[in-house]
Amino acid sequence: MADRRPRKVGILTSGGDAPGMNAAIRAITRTALKEGLSVIGFYRGYEGVVNKHYTELERKSVANIVQRGGTILRSARCAEFMTPAGRDKAADNLRELGVDVLFVIGGDGSLKGALALREHWDGQVIGLPGTIDNDLDGTDYTIGYFTALDTAVHAIDKVRDTADAFERIFLVEVMGRMAGFIALGVGIGCGAEEVLVPERDFELRSLINRIQDSRATGKLSCIIVVAEGVVHRGVKSLDERITIHDSSMLAKEIQRETGLDSRAVILGHIQRGGNPAALDRMLASMLGTYAVEAALKGETDVMAGIHAQKRCLVPLAETWAERKSLDDFMLHVQHTLA
Ligand code: F6P
């Protein structure tokens, strides 16, 4: 807990950008200004702190951005900041600029950086969960997750049309790093026949059996949503001779075995862009205001999140200490409805 009222705050967005980051910047800026604090925004995440690349933020600087994807402060992964010398430099700059509180909007790497910075700097750090992956523990949702779901679901609706027309199997690879939150949400939202997530083991042989059974019941097409973490980890080929690390290869293996036309679609970075969904705007706005109010109460080394419809402050280290678990009931729903 800090013992004196902050006067100046800094904001940065770091790591993979997420729709809603701008809404969070706006909420932090406007709440802080209303409380009489001055606000600066660092460009390109920690790189802006290390190299003193920043801008003053005023009410008007954040006008008309609540609806925009990306981040007006840009984002990056800064190699220099990962070294103790880089963090020392960042800490010196924060002291020189008179920053009392640093708000870090990003995923687990960015929040780890925030806590590491505290070993060099005695200001306050408050994290906001900004990642489409929804993989930070302690918060039910992260800023950007809802938009990524919508983007992927709409894309897969289109894939479904052509899959039906050609009676094909489609593997659709979605993002999420080593977590399956995007895949599971999207799978339910688009009525996928199968969802493969890194949190659960799966066997290619039984997947193929299920595809063949479903074809036998007269289903025209089959959508398999694959979390990228599944292919990054690798899938054993049917003869167990090789490990497949690529969705297109996996589609070929399925085609070889079933004789059914199969294709792979990798949705990629479209999931990170676009106008934020209303839920992401709401979450980002709420957490931005809440984070500033927490800072004024002297809080530090915490992430502002939401759990069971209640705002919460989670110690930074707890947001990555354990793997956030997928909801078993959601998996059950997907299996039941597929
Ligand atoms: O963490 C967000 C994310 O989009 C992940 O889902 C994905 O694995 C990664 O970032 C991609 O990173 P990059 O944009 O550096 O390729």
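Look above for the structure.
Rules used throughout
- Residues numbered from 1 in each chain as written.
- Predicted model: local features only at pLDDT ≥ 70, side-chain atom pairs only at ≥ 80, totals over all residues.
- Heavy atoms only, no water.
- Core = buried A, V, L, I, M, F, W, Y, C linked by side-chain atoms within 4.5 Å.
- Buried < 20%, exposed > 50% of the residue type's maximum accessible area, 1.4 Å probe, protein only.
- Helix = DSSP H or I, 4+ residues; strand = E, 2+ residues; numbered from the N terminus.
- Domains from an automatic or database assignment.
- Contact = heavy atoms within 4.5 Å.
- Phe/Tyr/Trp six-rings, centres within 6.5 Å; stacked < 30°, edge-to-face > 60°.
- Lys NZ or Arg CZ within 6 Å of the ring centre and 35° of its normal.
- Polar contact = N/O pair within 3.5 Å; in protein donor to acceptor, adjacent residues only side chain to side chain.
- 1 Å grid on protein atoms, 1.4 Å probe; cavity = no way out; pocket = protein on both sides within 12 Å on 5 of 7 lines; lining within 4 Å.
- Points joined across faces, edges and corners; volume = space filled by probe spheres on them.
- Nonpolar A, V, L, I, M, F, W, Y, C, P; charged D, E, K, R; others polar.
- Near = heavy atom within 4 Å.
- Areas by Shrake-Rupley, 256 points an atom, 1.4 Å probe, with all protein chains shown as cover.
- Sits in = over half its atoms within 2 Å of the grid points.

Caption draft 1: Here's a closer look at the nonpolar core. If you look at the biggest cluster of nonpolar residues, it comprises 81 residues, and the most contacted ones within it are Phe103, Ile182, Val186, Ile223, Ile224, Val225 and Ile254. Take this core: its biggest share by element is nine residues, from helix 5 (residues 145-166). Counting contributing residues per domain, this core is built from domain 1 (8-144 + 276-321) and domain 2 (148-272), each supplying no fewer than three. Other than its neighbours up to four places away in sequence, Phe103 contacts Val9, Gly10, Ile11, Leu12, Ile28, Ile126, Leu128, Ala291, Val292 and Ala295. In this structure, Val49, Leu117, Val125 and Met303 belong to the second largest nonpolar core, which totals 25 residues.

Caption draft 2: Layout of the packing of aromatic side chains. Under the counting rule described, the total for this entry stands at five aromatic pairs. Ring geometry for Tyr141 and Phe146: centres 4.8 Å apart, planes at 45°, overall tilted. Residue class for Phe146 comes out buried when judged on its relative accessible area of 17%. Put simply, the rings of Tyr141, Tyr145 and Phe146 pair up and form one aromatic cluster. The cationic tip of Arg168 hangs over the ring face of Phe166; the distance from NZ or CZ to the ring centre is 4.3 Å. For Lys324, the ring lying beneath its charged end belongs to Phe181, and the centroid distance is 5.2 Å.

Caption draft 3: Layout of the side chain of Ser14. Looking at where Ser14 falls in the secondary structure, it is placed in the loop between strand 1 (8-13) and helix 1 (21-34). Accessibility expressed as a relative area gives 5% for Ser14, which makes it buried. At 2.8 Å, the side chain of Ser14 and the side chain of Ser110 are in polar contact. Those residues in contact with Ser14, other than ones at most four positions away along the chain, are Met21, Gly45, Tyr46, Ser75, Ala76, Ile105, Gly106, Gly107 and Ser110.

Caption draft 4: Structural view of the layout of surface pockets. Reported here for the largest pocket is a volume of approximately 510 Å³. Looking at the largest pocket, it is lined by 30 residues, and the ones nearest its centre are Gly15, Gly16, Arg77, Gly109 and Arg177. If one sorts the elements of the lining of the largest pocket by residue count, helix 4 (residues 108-117) sits on top with six residues. Within the lining of the largest pocket, the residues separate by chemical class into eight nonpolar, 12 polar and 10 charged. Domain assignment of the residues forming the lining of the largest pocket places at least three in each of domain 1 (8-144 + 276-321) and domain 2 (148-272). Its volume calculated, the second largest pocket comes out at about 370 Å³. Taken together, 18 residues make up the lining of the second largest pocket; nearest its centre are Glu193, Glu194, Arg210, Gln334 and His335. At the level of secondary structure, the elements contributing two or more residues to the lining of the second largest pocket comprise strand 7 (194-196), helix 7 (204-216) and helix 12 (328-337).

Caption draft 5: Spatial organisation of the site of the ligand. Around the ligand sit Arg77, Ile132, Asp133, Met175, Gly176, Arg177, Glu228, His269 and Arg272, and that is every residue in its neighbourhood. Between the ligand and His269, the relevant distance is 2.8 Å, taken from an oxygen atom to a side-chain nitrogen or oxygen of the residue. With respect to the ligand, the side chain of Arg272 contributes an N or O atom lying 2.9 Å from an oxygen atom. In the complex, the protein chains occlude 76% of the 400 Å² of accessible area that the ligand would expose alone. If you map the ligand onto the pockets, it falls in the largest pocket. Split by residue class, the shell around the ligand holds two nonpolar, two polar and five charged. Lining the shell around the ligand are residues from two domains, each supplying at least three of them: domain 1 (8-144 + 276-321) and domain 2 (148-272).

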